[in-house]
Amino acid sequence: MSGTILVTGAAGQLGQLVVHHLIESYKVAPASIIAATRNPEKLAGLAAKGVVIRKADFDDAAGLEAAFAGVDRLLIISTDALDTPGKRLTQHKAAVAAAAKAKVKHITYTSMPAPDNSLVTFAPDHLGTENAIKESGIPYAIVRDAWYHDNYLHGMPHNLQTGKWFTSAGDGKISTISRDDCALAIASVLAAGTTGIYTLTGKQSLTSKEIAAIVTEATGKPLDVVSVTDEQLGQGIRGAGLPGFVADMLVSADANIRAGKFDIVTDDFTKLTGKEPQSLKDYFIANKAALTA
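Residues numbered from 1 in each chain as written. Predicted model: local features only at pLDDT ≥ 70, side-chain atom pairs only at ≥ 80, totals over all residues. Heavy atoms only, no water.

A.B. asks: I'm lost on the pattern of salt bridges in this one. Help?
C.D. replies: Any two side chains of opposite charge can pair if their charged atoms end up close together. With the rule as written, the count across this model stands at ten salt bridges. Residue R144 pairs with E130 through a salt bridge whose shortest N-O separation is 2.8 Å. You can see R144 sitting in strand β6 (residues 140-145) and its partner E130 sitting in helix α5 (residues 123-136), a full 14 residues away along the chain. Look at R144 and you get buried, because its relative accessible area is 14%. Linked through salt bridges whose partners overlap, the residues forming this network are D267, D268 and K271. (Salt bridge = Lys/Arg side-chain N within 4 Å of Asp/Glu carboxyl O. Helix = DSSP H or I, 4+ residues; strand = E, 2+ residues; numbered from the N terminus. Buried < 20%, exposed > 50% of the residue type's maximum accessible area, 1.4 Å probe, protein only.)

Here you go:
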């Protein structure tokens, strides 16, 4: 399809990968891509490739409408405003309203699996945004990204140093997928103007003990899973110096796994890309240095 594609959050990790795959994997002309961010100076590298750069601040509704002018297909990447309850949903609704005013022809949004049946603290942000997009009347694709393989790179190195992984997920299972694979699938949706709701997951769901065994296999380091309560987990995360909202989010994610609400496996990634998603084992092997740092 021809037309202009705008990617919000283009300086972020997912946004950078989406723009990369639009150009490299789907051969979209850089001049047809608009990379938008609060800090345009961070995108000098993309500008040098011929990508159009615009400023887009989700706290500036009027500015968003100007940023979205002349855009055919818009990608709204969910913002990182998680520290203030309700702020992220307000930002997303402002973006949807601006898209409607700018007469954007298609919206793609990055959501999460089953936001209408979730214990995760930020699920209402995603559900509210999905509903706002549906109510806008603009054709849309909602791409629900499962938990990233990449998220394990935050806590797992410390777990491997101590040999213990404290979790309240119990025997619950989760299917994860790499951020790069999500970006590839999102880019395919943008390049083709695909509509519908897609949930991007890996090929299998795994328990914490199964994940720990894969980590050990990939790194050669032993890792014992230690089951704790949600309260104990939250206290431990806060004790490590992380903010309360981060602790609450991580505890809610473990509770969601324990309740079976992340035990979702689809072939939507393959439907969209024609490829198989990278397995968690292959991801861990590829990132062994980061895990054992």
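A.B. asks: Would you mind going over the sheet that holds strand β4 (residues 73-76) with me for this structure?
C.D. replies: Backbone hydrogen bonds are what pair the strands of a sheet, in a parallel or an antiparallel way. The strand order across the open sheet formed by seven strands is β3-β2-β1-β4-β5-β6-β8, and the pairing between neighbours is parallel. The strands lining the two open edges of the sheet, one partner per strand, are β3 (52-55) and β8 (196-200). Each strand of the sheet is rotated relative to its neighbour by a mean of 20°, with strand direction disregarded. Sheet topology places strand β1 (residues 5-7) next to strand β2 (residues 33-37); three bridges connect them, and they run parallel. Bridge pairing in β2 places I5 opposite I33. This element, α5, spans β5 (106-111), β6 and β8 of the sheet and lies at about 170° to β5. (Pairing = 2+ DSSP bridges. Axes fitted to C-alpha atoms, helices over the stretch in contact; angles between N-to-C directions. Contact = heavy atoms within 4.5 Å.)

A.B. asks: Just to check I follow, could you spell out the pairing of β2 for this structure?
C.D. replies: The two faces of a sheet get side chains in turn, since along a regular strand they alternate between them. With five of five residues buried, β2 is to be regarded as a mostly interior element. Side chains of β2 alternate between two faces, with I33, A35 and T37 and I34 and A36 buried alike. Read from β1 through helix α1 (residues 13-24) to β2, the crossover connection turns out right-handed. Where β2 and β3 come together, four bridges link them in parallel fashion. Bridge pairing in β3 places A35 opposite I53. (Right-handed = clockwise from strand over helix to strand, strands pointing away.)

A.B. asks: Please clarify how the environment of Y109 should be interpreted in this entry.
C.D. replies: Tracing the sequence through the fold places Y109 in strand β5. Residues Y109 and K173 lie 64 residues apart in sequence; the distance between their C-alpha atoms is 25 Å. Y109 has contacts with L75, I76, S78, H92, D125, H126, T129, E130, I133, A141, I142 and V143, leaving out every residue within four places of it along the chain. At 2.7 Å, the side chain of Y109 and the side chain of H126 are in polar contact. (Polar contact = N/O pair within 3.5 Å; in protein donor to acceptor, adjacent residues only side chain to side chain.)

A.B. asks: Can you help me understand the packing of helix α4 (residues 87-101) against α5 in this one?
C.D. replies: Any two packed helices are characterised by the angle at which their axes cross and by the distance between the axes. Contact pair α4 / α5: the axes reach a minimum separation of 9 Å and the direction vectors enclose 15°. Taken together, the axes of α4 and α5 are roughly parallel relative to one another. Note on packing geometry: the crossing formed by α4 with α5 is right-handed. Side by side, α4 and α5 meet where R88, L89, H92, K93 and V96 of the first sit next to P124, D125, H126, G128, T129, A132, I133 and S136 of the second. Tallied by class, residues from the contact of α4 with α5 come to five nonpolar, five polar and three charged. (Parallel < 35°, antiparallel > 145°, perpendicular 65-115°, else oblique. Left-handed = near helix turned anticlockwise from the far one by under 90°. Nonpolar A, V, L, I, M, F, W, Y, C, P; charged D, E, K, R; others polar.)

A.B. asks: Explanation requested: the packing of aromatic side chains in the structure shown.
C.D. replies: Tallied over the entire structure, the rule returns four aromatic pairs. A ring pair is formed by Y152 and F284, whose centres lie 6.0 Å apart and whose planes are at 70°; its orientation type is edge-to-face. Linking Y152 in helix α6 (residues 152-162) with F284 in helix α12 (residues 280-286), this pair joins segments that are 132 residues apart in sequence. Taking relative accessible area as the criterion, F284 reaches 0% and is therefore assigned buried. (Phe/Tyr/Trp six-rings, centres within 6.5 Å; stacked < 30°, edge-to-face > 60°.)

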